[in-house]
Amino acid sequence: MSEDSRPQTVRELGEFALIDRINAGREQAAHVLLGPGDDAALVAAPDGRFVVSTDMLVEGRHFRLDWSSPVDIGRKAIAQNAADVVAMGARPTAFVVALGCPADTPVSVVEGIADGMWIEAGRAGGSIAGGDLVRSDQLVVSVTAFGDLGGQPAITRSGAVAGDIVAVAGELGWSGAGLAVLTGDADLTDPEFTYALATHRVPQPPYAAVIDAFGAHPPTALTDVSDGLLADLGHVAAASHVAIDVHSAALTDPELSALAKLLDADAAQWILAGGEDHAFAGTWPAEVALPAGWRPIGIVTAGSGVTVDGVAPTGGTGWESFRGADATPTGDER
């Protein structure tokens, strides 16, 4: 069959042929005992528990095909779920995926999303165990992630205590910078913007730095930074019944500041409230040496709320889906 005569849309190829195509040649991770092909997947739970997280991405809200490639979208869908699992103290093991798309969706788009998912699932340590494919009015991707705690307690947001050091692993602000480039009038081909655009399109959660920290001195509290640093630290402060003070000097990024100057923007706002970085924030007792890949950015104190250099923030603190929906016409919601 020539390339031109091959089915080009999901309608032309058909549901089951498409499922066979995107699953062909895939190798499952060790915890997936039975992958696609039966009524359900079979996933090992060595410690008798799963950490489970679900996230949904909707075209026009969480991604745009004119901004991101299908591979980028697939990677992002897995990354934001894998990061949630890791933020609970678990190692990602398996992912199940539900994909809805219009019948005229090009087969190449679905293949690209599947390829991106497998790339990121492998980077996180798991694989795609199964899922569902349905017809819908717009492209929708829903991912459920499973993680193994390895016999250790889950690490929640509620364990921080006064005197703990607040630290982060991963970069902050670059996804917000990429969104600013996409929503502005900047030249997207300018090399100055390449890294910010790539970081927004495909987040890079530092899974290894966090998993390696689950050893002798794990964090007392841990969270994925997805809604914005201040917002997510606010969740930790509320759950732990403490206050958190962030030190702005510890968050300066000269390269990000230079980019912000080009765009007449505020790098500090990207760092503190930009969201979608999928870095991690954790707390440790002051006497514990921080693990490799982590840097201190603040301190836990008695009280409530989050401050920056002792002062309550006056700008936005991060994303909140329904509150921000009408204020974000660009089609990129957290």
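So, how was this worked out
Residues numbered from 1 in each chain as written. Predicted model: local features only at pLDDT ≥ 70, side-chain atom pairs only at ≥ 80, totals over all residues. Heavy atoms only, no water. Helix = DSSP H or I, 4+ residues; strand = E, 2+ residues; numbered from the N terminus. Buried < 20%, exposed > 50% of the residue type's maximum accessible area, 1.4 Å probe, protein only. Contact = heavy atoms within 4.5 Å. Lys, Arg positive; Asp, Glu negative; His and termini not counted. Charge placed at Lys NZ, Arg CZ, Asp CG, Glu CD. pLDDT = per-residue confidence, 0-100. Pairing = 2+ DSSP bridges. Axes fitted to C-alpha atoms, helices over the stretch in contact; angles between N-to-C directions. Phe/Tyr/Trp six-rings, centres within 6.5 Å; stacked < 30°, edge-to-face > 60°. Left-handed = near helix turned anticlockwise from the far one by under 90°. Salt bridge = Lys/Arg side-chain N within 4 Å of Asp/Glu carboxyl O.

**Brief notes about the overall build of the protein**
Of the regular secondary structure elements, the protein holds 11 helices and 12 strands. If one aligns the C-alpha atoms of the protein with their principal axes, the spans along those axes are about 65 × 50 × 30 Å. Taken across its 334 residues, the protein has 49% of its residues classed as buried. Put simply, of all contacts in the protein between residues at least 6 apart along the chain, 84% involve residues at least 24 apart. Of the side chains in the protein, 18 bear a positive and 44 a negative charge, and the two mean positions are spaced by 2 Å.

**So, the confidence of the model for the protein**
Overall, the predicted model of the protein reaches an average pLDDT of 92, with 92% of residues at or above 70. Low pLDDT, under 50, characterises residues 324-334; the predicted model gives this stretch 34 contacts beyond four residues in sequence or across chains.

**Describing the sheet that holds strand β3 (residues 51-58)**
If you walk across this open sheet you meet the four strands as β3-β6-β4-β5, and the pairing is mixed. Bordering the open sheet on either side are β3 and β5 (127-135), each of which pairs with just one other strand. On average, adjacent strands in this sheet sit at an angle of 15 degrees to one another, irrespective of strand direction. Each of β4 (91-101), β5 and β6 (140-148) touches helix α4 (residues 107-124); the most contacted strand, β4, lies at about 170 degrees to it.

**Some remarks on the packing of aromatic side chains**
Within this structure, the stated rule accounts for three aromatic pairs. Centre to centre, the rings of Trp174 and Tyr195 are 5.1 Å apart; their planes meet at 80 degrees, and the pair counts as edge-to-face. With a gap of 21 residues between them, Trp174 in helix α5 (residues 174-183) and Tyr195 in helix α6 (residues 194-201) connect regions that are remote in the sequence. Looking at Tyr195, the relative accessible area reads 41%, which means it is partly exposed.

**Some details on the packing of helix α2 (residues 15-23) against α4**
The contact between α2 and α4 brings their axes to 10 Å, and the two run at 40 degrees. Judged by the sense of rotation from one axis to the other, the crossing of α2 with α4 is right-handed. Counted together, Leu18, Arg21 and Ile22 of α2 and Val107, Val110, Glu111, Ala114 and Trp118 of α4 form the full contact between these two elements.

**Regarding the environment of Val141**
With respect to the helices, strands and loops of the structure, Val141 is situated in strand β6. Put simply, Val141 and Thr301 are 160 residues apart on the chain and 40 Å apart in space, counted from C-alpha to C-alpha. Those residues in contact with Val141 that sit more than four places away from it in its chain are Asp55, Met56, Leu57, Ala77, Val97, Ala98, Leu99 and Met117.

**So, the side chain of Ser68**
For Ser68, the position within the fold is in the loop between β3 and α3 (70-86). Ignoring anything within four residues of it in the chain, the contact list for Ser68 reads Ile73 and Arg201.

**With respect to the pattern of salt bridges**
Tallied over the entire structure, the rule returns seven salt bridges. With its nearest N and O atoms 2.7 Å apart, the salt bridge here joins Arg26 to Asp115. With Arg26 in the loop between α2 and β1 (32-34) and Asp115 in helix α4, this pair connects stretches of sequence that are 89 residues apart. For Asp115, a relative accessible area of 33% translates into the label partly exposed. Among the charged side chains, a salt-bridge network with shared partners connects Arg75, Glu120 and Arg123.

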